[in-house]
Amino acid sequence: VQLQASGGGLVQAGDSLRLACAISGRSFNMYVMAWFRQARGQEREFVGAITWTGGLTNYGGSAAGRFTISRENAEMMVYLQMNNLQPEDTATYYCAVGGRVAAFSNPRPDEYEYWGSGTLVTVSS
């Protein structure tokens, strides 16, 4: 499975961005897709996850109410709509794919087998 994230950029506080993740080389173990982010000098942080079938969603505290994760199964795409961005949202955003239920219910980075290269989001005040 290969993942390619895109859509990052430089925006001002209050702006919106939509990140996209293109997935290729599908594995039978694809259960959940997720977005994580990592700010400079910080640990990788869970942003949100969505199951491949059923479309169940789970969000980290930083995303609640502002970010929405979605997917288009036929196109093998996962999206992260980010609204009302703030400077503290500045980070490199990564998409990831996990094959186990724990990847959705307990979304730690080590639960995800496949990772994209990341896309940088910079929010100026």
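Presented here is an overview of the structure given in this document.

Conventions used here
- Here the residue numbering is sequential within each chain, running from 1 through the sequence in written order.
- At least 70 in pLDDT is required for a residue's local features to be given in this predicted model, at least 80 for side-chain atom pairs to be given and counted, and no such filter applies to totals for whole chains, interfaces and linings, which use all residues.
- To get the side-chain values, all heavy atoms of the structure are used, and hydrogens and water are removed first.
- Only DSSP runs of H or I covering at least 4 residues are called helices, and only runs of E covering at least 2 are called strands; the numbering of each starts at the N terminus.
- Three labels apply to residues, based on accessible area from a 1.4 Å probe with only protein chains included: buried if under 20% of the type maximum, exposed if over 50%, partly exposed otherwise in between.
- By definition in these notes, contact holds between two residues if any of their heavy atoms fall within 4.5 Å.

A look at the environment of Ser117
Looking at the secondary structure, you find Ser117 in the loop between β10 (114–115) and β11 (119–124). The exposure class of Ser117 is exposed, given its relative accessible area of 52%. In sequence terms Ser117 and Gln4 are 113 residues apart; their C-alpha atoms lie 6.5 Å from each other. Contacts of Ser117, omitting those with residues within four sequence positions, involve Leu3, Gln4 and Tyr94.

Quick notes on unusual backbone geometry
Backbone geometry at Met76 places phi at a positive 55 degrees, although glycine is not the residue there. As for its position among the elements, Met76 is in the loop between β7 (67–72) and β8 (77–82). Looking at Met76, the relative accessible area reads 15%, which means it is buried. The phi dihedral of Asn84 falls on the positive side, at around 50 degrees, and the residue is not glycine. Of note, Asn84 is situated in the loop between β8 and β9 (91–98). Looking at Asn84, the relative accessible area reads 39%, which means it is partly exposed.

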